[in-house]
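# Remarks on the overall topology
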Amino acid sequence: MKTIIPKGYKSKLDIIETQVAIKKLKDYFEHRLSEELNLIRVSSPLFVLPESGANDNLSGSEKAVSFDIPYMNKYAEIVQSLAKWKRMALKKYGFGVGNGIYTDMNAIRKNEELDNLHSLYVDQWDWELVIDKSSRNQKTLVEVVSRLYKVFKDTEDFVCEMDSNIKRILPEQITFITSQELEDLYPDFSAKQREDAIVRDKGAVFLMQIGKVLNSGQKHDGRSPDYDDWELNGDILFYNPILDNALELSSMGIRVDEETLEKQLKVTKCEDRKELDYHKMLLEGKLPYTIGGGIGQSRICMYFLRKAHIGEVQVGIWPEEMIQQCSACGVHLL
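Residues numbered from 1 in each chain as written. Predicted model: local features only at pLDDT ≥ 70, side-chain atom pairs only at ≥ 80, totals over all residues. Heavy atoms only, no water.

If you check an unreviewed UniProt entry, the protein appears there as Aspartate--ammonia ligase from Romboutsia maritimum. Reading the Subcellular location (unreviewed entry) entry of the UniProt record for the protein gives the comment "Cytoplasm". Among the UniProt annotations of the protein, the heading Pathway (unreviewed entry) holds the following wording: "Amino-acid biosynthesis; L-asparagine biosynthesis; L-asparagine from L-aspartate (ammonia route): step 1/1." (UniProt positions renumbered as here; feature names shortened; annotations may be inferred.)

Have a look at this one:
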């Protein structure tokens, strides 16, 4: 557990003002996201059956929270994200190319190491858009990220008009760079140090191609092999002036097709997953080709409201030592 208290930090909003601002900010962002990408809101599950293959394995090391269902004699898992569930939903609901869905995703990630940016609770907008197979390319990825960045820029304008104490800091354009290019740029840095360095320089970055092994023999970061195409994915990173580091606001990408799924399952020695419902449907060509991702709700509130700790914008469970440290420095955890 590591807590950073920026020297001289004082929230621009008190607790009540923060609560009011969170609601307005979320409502505005959700509306713009839906409008920009042609998405409609749908209901989504809080838990799924493991045998469905619909849960997200994230980087592969996180263990989902599970519970037993006595009358069914089965176990269910709390979702870790909805990356795979959304694709099945698009098929089930009959969505066509150029149309998509978004939903409020709530998750528990019990293995999370608690700090300024991480809690046990995850809240994000999960979204998914149907595309043609011929559109599974970097051009499509860049176009969609650019449209998403416009939503972020518009939201910054909205927040600054809502409160004059908050100033605009996002650059006009987001910078695109691959994980290999970033490693080449900062070969002696760790992955986290590279992210911090590039956002300090550029302000807003889309870091592409996460999950594959780089020339150094290391991965920039782990990615499950069965939802993102590692050549066509990435993270949206903004410079966080309060903590002087990179803040990841979204992980997204063009999803695997049949060939890419086979390849990535083989590389990660996860071919046993091909027996799960989701994987069977995908390999049989029964699922639409899509692009999608998740956008952290608490994280965008942290960023736009210039907060030092995620506990200032969401209710969580924190170690007593962290609570006392924050309280002593005027950081009010909800």
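The structure having been displayed, the exposition proceeds.
Another aspect to go through is the nonpolar core. Within the largest apolar cluster, 55 residues are counted, with the highest numbers of intra-cluster contacts made by Trp 127, Phe 152, Phe 238, Met 252, Ile 291, Ile 295 and Ile 300. Of the residues forming this core, the biggest block, nine residues, is contributed by helix α3 (residues 138-162). Excluding its chain neighbours within four sequence positions, the residues that come into contact with Phe 238 are Tyr 149, Phe 152, Leu 170, Val 199, Gly 203, Ala 204, Asn 245, Ala 246, Leu 247, Leu 249 and Tyr 303. Among the nonpolar cores identified, the runner-up in size contains 22 residues, and Leu 90, Ile 101, Cys 270 and Leu 282 belong to it. (Core = buried A, V, L, I, M, F, W, Y, C linked by side-chain atoms within 4.5 Å. Buried < 20%, exposed > 50% of the residue type's maximum accessible area, 1.4 Å probe, protein only. Helix = DSSP H or I, 4+ residues; strand = E, 2+ residues; numbered from the N terminus. Contact = heavy atoms within 4.5 Å.)

On to the UniProt feature "domain: Aminoacyl-transfer RNA synthetases class-II family profile" (unreviewed entry) in the protein. When the UniProt feature table is mapped onto this chain numbering, "domain: Aminoacyl-transfer RNA synthetases class-II family profile" (unreviewed entry) sits at residues 110-319. Overall, residues 110-319 shows 33% helix and 24% strand. The separation of its end C-alpha atoms is 14 Å.

Another point: the pairing of strand β5 (residues 100-108). The pairing of strand β1 (residues 39-41) with β5 spans three bridges and is classified as parallel. Its bridge partner lying in β5, Arg 41 is registered against Tyr 102. Pairing geometry for β5 and strand β6 (residues 121-130), over nine bridges, is antiparallel. From the neighbouring strand, Tyr 102 faces β6, where its bridge partner is Trp 127. (Pairing = 2+ DSSP bridges.)

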